[in-house]
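Geometric and topological summary
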Amino acid sequence: MTIESVTPETSPAVESREAPRAGGGVPVLGHGWKLARDPLAFMARLRDHGDVVRLKIGPKTVYAVTTPALTGALALSNDFIIAGPLWESLEGLLGKEGVATANGPRHRRQRRTIQPAFRLDAIPAYGPIMEEEAHALTERWKSGGTIDCTSESFRVAVRIAARCLLRGDYMDERAERLCVALATVFRGMYRRMVVPLGPLYNLPLPANREFNRALADLHLLVDEIVAERRASGQKPDDLLTALLEATDENGDPIGEQEIHDQVVAILTPGSETIASTIMWLLHMLAEHPEHGDRIRDEVQAVTGGRPVAFADVRGLRHTNNVVVESMRLSPAVWILTRRAVRDTELGGYRIPSGADIIYSPYAIQRDPKSYERNLEFDPDRWLPDRVTDIPKHAMSPFSVGNRKCPSDHFSMAQLTLVTAALATRYRFEQVPGSKDATRVGITLRPHDLRVRPVPR
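How each quantity is defined
- Residues numbered from 1 in each chain as written.
- Predicted model: local features only at pLDDT ≥ 70, side-chain atom pairs only at ≥ 80, totals over all residues.
- Heavy atoms only, no water.
- Pairing = 2+ DSSP bridges.
- Helix = DSSP H or I, 4+ residues; strand = E, 2+ residues; numbered from the N terminus.
- Buried < 20%, exposed > 50% of the residue type's maximum accessible area, 1.4 Å probe, protein only.
- Salt bridge = Lys/Arg side-chain N within 4 Å of Asp/Glu carboxyl O.
- Contact = heavy atoms within 4.5 Å.
- Axes fitted to C-alpha atoms, helices over the stretch in contact; angles between N-to-C directions.
- Phe/Tyr/Trp six-rings, centres within 6.5 Å; stacked < 30°, edge-to-face > 60°.

Remarks on the sheet that holds strand 12 (residues 450–455)
The strand order across the open sheet formed by 3 strands is 4-12-9, and the pairing between neighbours is antiparallel. With one partner strand each, in any of the chains shown, strand 4 (147–148) and strand 9 (426–430) form the two edges of the open sheet. Sheet analysis places strand 4 next to strand 12, joined by 2 bridges and oriented antiparallel. The partner of aspartate 148 across the bridge, within strand 12, is arginine 450.

With respect to the side chain of threonine 113
With respect to the helices and strands, the residue threonine 113 is situated in helix 5 (residues 104–114). By relative accessible area, threonine 113 is classed as buried at 18%.

So, the pattern of salt bridges
Evaluation of the coordinates by the stated rule reveals 32 salt bridges. Across the pair aspartate 79 and arginine 342 runs a salt bridge, and its minimum N-O distance is 2.6 Å. Of the two residues, aspartate 79 sits in the loop between helix 3 (68–76) and strand 3 (80–81) while arginine 342 sits in the loop between strand 5 (336–340) and strand 6 (344–346), which places them 263 residues apart along the sequence. Between glutamate 429 and arginine 452 there is a salt bridge, with its nearest N and O atoms 3.4 Å apart. Here glutamate 429 is found in strand 9, whereas its partner arginine 452 is found in strand 12, with 23 residues between them in sequence. The class for arginine 452 is partly exposed, based on a relative accessible area of 26%. Salt bridges sharing common partners tie together Glu372, Arg373, Glu376, Asp378 and Arg386.

Observations concerning the sheet that holds strand 5
As summarised here, the arrangement of the 5 strands in space is 1-2-8-5-3, forming an open sheet in which the pairing is mixed. What marks the edges here is a single partner per strand, and that holds for strand 1 (52–57) and strand 3. Note: strand 1 against strand 2 (residues 60–65), 6 bridges, orientation antiparallel. Its bridge partner lying in strand 2, valine 52 is registered against valine 65. The strands touched by helix 3 are strand 1, strand 2, strand 3, strand 5 and strand 8 (356–359); relative to strand 8, the strand with the most contacts, the crossing angle is about 135°.

Let's talk about the environment of alanine 122
Considering the arrangement of structural elements, one finds alanine 122 in the loop between helix 5 and helix 6 (127–140). According to the relative accessible area criterion, alanine 122 is buried, its value standing at 16%. Expressed as a C-alpha distance, the spacing of alanine 122 and valine 26, which sit 96 residues apart in the sequence, is 52 Å. Residues within four places of alanine 122 in sequence aside, it is in contact with Pro116 and Ala117.

Describing the packing of aromatic side chains
According to the stated counting rule, one finds 6 aromatic pairs in the structure shown. Residues tryptophan 141 and tyrosine 426 carry aromatic rings whose centres are separated by 6.4 Å and whose planes lie at 35° to one another, so their mutual orientation is tilted. Pair noted here: tryptophan 141 is in the loop between helix 6 and strand 4 and tyrosine 426 is in strand 9, with a separation of 285 residues, a long-range link. For the pair tryptophan 141 and tyrosine 426, a shared accessibility class is recorded, and that class is buried. When the ring of tyrosine 371 is compared with that of tryptophan 382, the centres are 6.3 Å apart and the planes differ by 65°; the resulting orientation is edge-to-face.

As structure tokens, then:
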């Protein structure tokens, strides 16, 4: 199944007009209080008000886009750039010079630097590392024990990223640091995005101090990785070497800040989103054991009983569809923003230059107008004879256009392999005290998911 290979959804041509405004705003905060209180439900309800809806977040007017067709048009249009409240809140983590936040010529040059590491013909070289880490995860877990899904998911995500892309054995201690720090930072960044209290976030309050400590540790972690590579004098054929040897538009070496921001963009958001997805997959395996059984049977049919390997991934169709369906219902990245660079229109609605646009993959991917039995976990909806019923851009977990995530194939390969290894070895049960409610920050993850692995 190719996520992009779905039927286009078209909108009728309409005369350019002002978008309707959502109700329920309050003085000063506007709709920010609803985004803070129950953001997923709020974003899911916006389509009832129109294809494009005006919101107030603090003093700013923000345009919410609610349909698959218009989110695709937004991502593919040169009238909009990466900017807005999401990216402003992320700059403290990602900086202004990395590929995640750059625009224009700098972004194109940075994409050229990192893209070779994610080419389809480059990914098989990472196969042995992905296999080793996936099977090490299953070996580390003991029958009858309780698994802290947050720390374990981060451990495997960080180790795969570090060993494949930065050629380092960055040990479990750093994965733990990243896990703890990212949870604090991403929650704090979400609050700063939807409740813009400005100088109040600089006060020495406990929550602010905790946020600043976590952010400092993230940047220290990246500095350690870069410093260790420089001190080693080694130049393995990996992404970090490419960054250390990259040049700018004038042929000069890129600056230290850009190197730092690029490593942050590689290690932190990628680890956060992959780890969150693994958590949701573990939740799915516990909630839908019948699909764990189907994965086990599929793996045995493909491998003949030997341990699943990277080379088997292409043959694991149901496993892949389970991963995609889990990402549909519980996307790690649930909210995105853009900014208009000129007066333009979207879906027949006027969008002024400088306006911020917001949309929610979570709402798009659960929309009953796009999906039959939209809240049902149904991996078979991605079978060839059914996938054509799904509108184009109703499922774009790695985005589209020039902002498409360069690591999409890398990410899908590791998620499919990890899921296959886990489901082949174990069934999973949630344990007393497990909290599977959704924790909302810049990303979505289970609040505190804990499971018991039961050997097959």
